[in-house]
Amino acid sequence: NTYGLGFALYSRFDTIHGADSVPAPKPSPEGLLQCAREIGLENELENIVYVGDGRAARAAGMVSVGVLWGSNSEEKLRNADTFDYIVGSVEELRELLPQQE
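Right, let's walk through the structure included here. Here the structure is a predicted model, which means the values were calculated and not measured.

1. Examining the overall build of the chain
If you tally the helices and strands in the chain, you get four helices and three strands. The order of α-helices and β-strands along the chain, N terminus first, is α-β-α-β-α-β-α. With the C-alpha coordinates aligned to their principal axes, the bounding extent of the chain is approximately 35 × 30 × 30 Å. Looking at the 101 residues of the chain, the share that counts as buried comes to 28%.

2. A closer look at the pairing of strand 2 (residues 63–67)
Strand 2 sits mainly inside the fold: four of its five residues count as buried. Relative to strand 2, strand 1 (residues 49–51) runs parallel, the two being bridged by three bridges. What sits directly across from V51, in strand 2, is V65. Strand direction decides the pairing type here: strand 2 and strand 3 (residues 85–87), joined by three bridges, are parallel. Among the inter-strand pairings, V67 is bridged to a residue of strand 3, identified as V87. Between strand 2 and its parallel partner strand 3, the chain crosses via helix 3 (residues 74–80), and the hand of that crossover is right-handed.

3. Points about the sheet that holds strand 1
Spatial strand order, 1-2-3: three strands in an open sheet with parallel pairing. This sheet does not close on itself; its edge strands, each paired only once, are strand 1 and strand 3. Here the average twist between neighbouring strands, direction ignored, is 30°.

4. Side note on the nonpolar core
Core analysis: the biggest nonpolar cluster contains nine residues, these being L32, L33, A36, L45, I48, A56, A57, A60 and M62. Residue assignment for this core shows that the elements contributing at least two residues are helix 1 (30–38) and helix 2 (54–60).

5. Overview of unusual backbone geometry
The phi torsion of most residues other than glycine is negative, and most of the peptide bonds are trans. Omega for the peptide link from K26 to P27 comes to 15°, which places this bond in the cis form. By the element assignment, P27 lies in the segment before helix 1. In the Ramachandran plot, D81 falls in the positive-phi region, its phi being about 55° despite a non-glycine side chain. Locating D81 in the fold gives a position in the loop between helix 3 and strand 3. For D81, a relative accessible area of 58% puts it in the exposed group.

Conventions used here
Residues numbered from 1 in each chain as written. Predicted model: local features only at pLDDT ≥ 70, side-chain atom pairs only at ≥ 80, totals over all residues. Heavy atoms only, no water. Helix = DSSP H or I, 4+ residues; strand = E, 2+ residues; numbered from the N terminus. Buried < 20%, exposed > 50% of the residue type's maximum accessible area, 1.4 Å probe, protein only. Pairing = 2+ DSSP bridges. Right-handed = clockwise from strand over helix to strand, strands pointing away. Axes fitted to C-alpha atoms, helices over the stretch in contact; angles between N-to-C directions. Core = buried A, V, L, I, M, F, W, Y, C linked by side-chain atoms within 4.5 Å.

Any functional reading would require information beyond the geometric quantities listed.
Here it is in C-alpha cells:
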C-alpha cells in the first residue's frame, strides 16, 4: 500500500513484473512468459488472456485484448492488427473472460 489507497492491491496478484525485472521488456514476450512460468501456466499459454501490448501477447502465444479506456484510440488499436479482441468497457471485458463460480 505504497500509495495510500487503503487496500492491498498487490495481494490480488500471484506475480507482478515490470520492464526492470524481466529478461527483455515488451514487445518481447519474455516478461509474459516469465509470469506464466511463475504461476504454473507455461504449458497453457493459449488459455491466458493478456490485456495490453498485443505484440507481446501474440509473440507469447496468448490471447490479446486491447482496451479503449487506455492511451490509444480505437483506430490505432485496430490498425495495429495485434489484438484478438478490442473492448470498450470493463463490462465488455468481463463478458469476454470466463467466470468463476
